[in-house]
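# Topology and contacts: notes
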Amino acid sequence: MSAATLLRVLARAGGSSARLGRRIACAPSFLVLAVIILVALIGPEFVRDPEGLNAGPSLSPPSGDFWFGTDKFGFDIFARVIHAARLDLTVGFSAAAIAVIIGMPLGALAAMRGGKFDSLLLRVSESLQAFPTLLLAMGIVAALDTRVVALGMRIVFLILIIALVNIPVYLRLTRSAVLPIVNSDFVLASRCAGKRDLSILRRRVIPNVLQVVFAQFSVNVAWAIQILAALSFIGLGVPLPTAEWGAMVRDGASYTIYGQWWVAVFPGLAILVTVLTLNLMADRVRYGK
Amino acid sequence: MALLAYVARRLAYLLVALFGVTFITFLVTRRLPGNPAALIVGVLADQSTIDAVTERLGLNEPFWSQYYKYMGQLFSGDLGESWFTSNPVTTDIGNRWPATVELASYALALAVLWAVSLGVISALRRRSLSNRLADALSGLGVSVPEFWLGLILLLAFFGTWKIAPAPLGRTLGEIPPDVTGFYTIDALIAGDWGAFRSAAAQLILPTVTLAIVIGAPLLRITRGFMRETMETGHIRFARALGIPRRSIVLRHAIPNVLLPVSTMGAMMYGYLLGGTVLVEVVFAWPGIGSYAVKAIEHSDFAPVQGVVLLSALSYLIVYLTMDILHFVVDPRTRTHS
């Protein structure tokens, strides 16, 4: 079964996603998320240049002119937080999407095929999961660090690395969600009726795990954003002066305890609000809270 | 006998996982595109210097022979040498490991204390204040970036109210004579009250930061399982018998919740032993996490590799210990495995 066929199967499982869609759209957290995404999409058009030197005086506190104050270069922190939303959400969504596209079919296959294939995948993802995610990402980024300098390429690599460390999570999640379904009587009935694996996967298995996987996707976007911010915070992610939430917290860390709190507090708050919203949405999808 | 067989099987799994782990660290630090030798000597070096360093590091040998050598070194306990401290990595890590373990242990203890008790209480009283509090804390704890939380606590307790000491490592006073490696315990053993106070004061903020972050998932798990347990047949039966609620909770419900909660706790401890990186950076804590970050700043791979290996190893060992404990404590695991 090729990856392309699997993707087609996933796409066709849309029938049951209508119900899921309604459930998501009714969540209050969805509204907040929609606002955040909207800000990331069009917000940057309405604010100052995030890398415009001396937009204001250096390190001035929040005011009518500079809502979130300015940093040591006189950059407008509000403008930078808005611009960073675009970058952080792009990395978060792309990394989670790549992880789900690779991890979910592999997990489903592992559960359906069983045997050697299953146990091999399980062992590999177990060893990958033994690493603290951040440390693993740190190791890989560090090894690449001096070799990948251009900003665009750096971001692509960061997306790939964050996706890579998250694949085992999806694989195991999908596997454990699919396993009871594969062993259930209604799948056995389909088998007896002579249905092939692919059709069982599409009609019986995927509609049943979509909810779990979607909730995990939401959580995973949040994780990806947290990992990116953490990498930038220790100086491995996106370098200054590019606006990125974690890098901005790093930049403001040394000023915080001396009273210039706004440099680090606002970008950190942006991470907190975004990640919290994504997590609440996942809860909503998972438990219908 | 069953126990021995079980332990043997788990140990075999551990070995397989460890091989996977070493293979991945090897791949990551040695086999990525680009020539590390060129990085070491810098941009100004000529080709013959690069070739010489390549030769010395054995980078011109075939892949499997490099891996074989690497494994040989690992088995003899050699993690290489750090260029920027010019010590063997094992020495450096040995000096810093107690700092990380001390912080991780206190953080886990504090997290278990607040999260498990709040989890149990909020599970027993739905629609109560404690339930709301649990919702808020678990949501915030999972979502807050820990490095930012650390900064906020510093801003409040050190910057504004000036009741916390400066974030400058493990102690501002004298270092107590080394017995356990835990400054707080060593100070007590030496009977040095001043050293204990200084070490404990340095510990408070990083411990609280970590305890909030790792307490959140513990709280969720505890509350979820506690609610589930309270709905089960044997609890209802106990209630129908008229057994007091207090003794139902303490003697019948909580023991059932302890197993999943302790698994989660073990996972959190394993995570902490490698995952205190960010908090160590914020509080200038001289543990293995800040060591790895410093090494990365100097493009020094041997320490990074060592730290990654050590944390993966400790995670696996903590997990194995927990598994074995469960096997001993819970008869159900014997039939399931």
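Use the structure listed above.
Because the structure is predicted, anything quoted here is derived from the model rather than measured.

The subject of this paragraph is the packing of helix α5 (residues 89-124) of chain B against helix α9 (residues 193-230) of chain B. Working note: a packed helix pair is described by the angle between its axes plus the distance between those axes. Residue and element names in this part refer to chain B. Two elements in contact, α5 and α9, have axes whose closest approach is 6 Å; the angle formed by their N-to-C orientations is 35°. Regarding α5 and α9, the two cross each other, and that crossing is right-handed. Within the contact of α5 with α9, the residues separate by chemical class into 26 nonpolar, five polar and three charged.

The next point concerns the interface of chain A and chain B. Facing 39 residues of chain A, the contacting portion of chain B comprises 47 residues. Taken together, both faces of the contact between chain A and chain B bury some 3,700 Å²; the carbon and sulfur share is 78%. Counting every contact that joins chain A to chain B gives one salt bridge. Its salt-bridge partner being Arg220(B), residue Asp283(A) comes within 2.9 Å of it at the nearest N-O pair. Our count for the contact surface shared by chain A and chain B stands at six residue pairs in polar contact (both at pLDDT 80 or more). In terms of residues, the side of chain A that touches chain B owes the most to one element, helix α11 (residues 262-287) of chain A, which gives 10 residues.

A few words on the packing of helix α3 (residues 28-42) of chain A against α11(A). Residue and element names in this part refer to chain A. Contact geometry for α3 and α11: axes closest at 9 Å, N-to-C directions at 145°. When you trace α3 past α11, the crossing you get is left-handed. Within the contact between the two elements, α3 uses Pro28, Ser29, Phe30, Val32, Leu33 and Ile36 and α11 uses Val273, Thr274, Thr277, Leu278, Leu280, Met281 and Arg284. In the contact of α3 with α11, the residues fall into nine nonpolar, three polar and one charged.

Here we come to unusual backbone geometry. Residue and element names in this part refer to chain B. Despite not being glycine, Ser86 shows a phi value in the positive range, around 50°. Checked against the element boundaries, Ser86 lands in the loop between α4 (63-75) and α5. Positioned with a positive phi, Lys162 is a non-glycine residue whose angle comes to about 55°. Mapped onto the elements, Lys162 comes out in the loop between α7 (146-160) and α8 (183-190).

Once that is clear, we can look at the pattern of salt bridges. Tallying each qualifying case throughout the model produces six salt bridges over all chains. Asp118(A) is paired through a salt bridge with Arg175(A); the nearest N and O atoms lie 2.7 Å apart. A residue pair is termed long-range when its members are at least 10 positions apart, and Asp118(A) in helix α5 (residues 115-130) and Arg175(A) in helix α7 (residues 151-182) qualify at 57 residues. A residue is classified by how much of its surface remains accessible, and Arg175(A), at 16% relative accessible area, is buried. Arg223(B) is the salt-bridge partner of Asp135(B), the closest N and O atoms lying 2.8 Å from each other. Within this pair, whereas Asp135(B) is found in helix α6 (residues 129-143), its partner Arg223(B) is found in helix α9, the two being separated by 88 residues in sequence. Among the residues examined, Asp135(B) registers a relative accessible area of 39% and is labelled partly exposed.

This next bit is on helix α13 (residues 288-297) of chain B. Residue and element names in this part refer to chain B. Burial runs high along α13: eight of the 10 residues are buried. Within the span of α13, buried status applies to Ile288, Gly289, Ser290, Tyr291, Ala292, Val293, Ala295 and Ile296. Just downstream of α13 lies Ser299, where phi reads positive at about 45°.

Residues and elements named next belong to chain A. Together, Leu31, Val32, Leu269 and Val273 give the surface a local cluster of nonpolar side chains, amounting to about 340 Å² of exposed area. Of all the secondary structure elements, the ones that give two or more residues to the nonpolar patch are α3 and α11. Along the polypeptide, Leu31 turns up in helix α3. Among the residues examined, Leu31 registers a relative accessible area of 61% and is labelled exposed.

Here is what the cut-offs are and how they apply
Residues numbered from 1 in each chain as written. Chains lettered and ligands numbered in written order. Predicted model: local features only at pLDDT ≥ 70, side-chain atom pairs only at ≥ 80, totals over all residues. Heavy atoms only, no water. Axes fitted to C-alpha atoms, helices over the stretch in contact; angles between N-to-C directions. Helix = DSSP H or I, 4+ residues; strand = E, 2+ residues; numbered from the N terminus. Left-handed = near helix turned anticlockwise from the far one by under 90°. Nonpolar A, V, L, I, M, F, W, Y, C, P; charged D, E, K, R; others polar. Contact = heavy atoms within 4.5 Å. Buried area = accessible area lost by both parts, 1.4 Å probe. Salt bridge = Lys/Arg side-chain N within 4 Å of Asp/Glu carboxyl O. Polar contact = N/O pair within 3.5 Å; in protein donor to acceptor, adjacent residues only side chain to side chain. Buried < 20%, exposed > 50% of the residue type's maximum accessible area, 1.4 Å probe, protein only. Patch = residues over 30% accessible without salt bridge, like charges linked within 9 Å, V, L, I, M, F, W, Y side chains within 5 Å. Areas by Shrake-Rupley, 256 points an atom, 1.4 Å probe, with all protein chains shown as cover.

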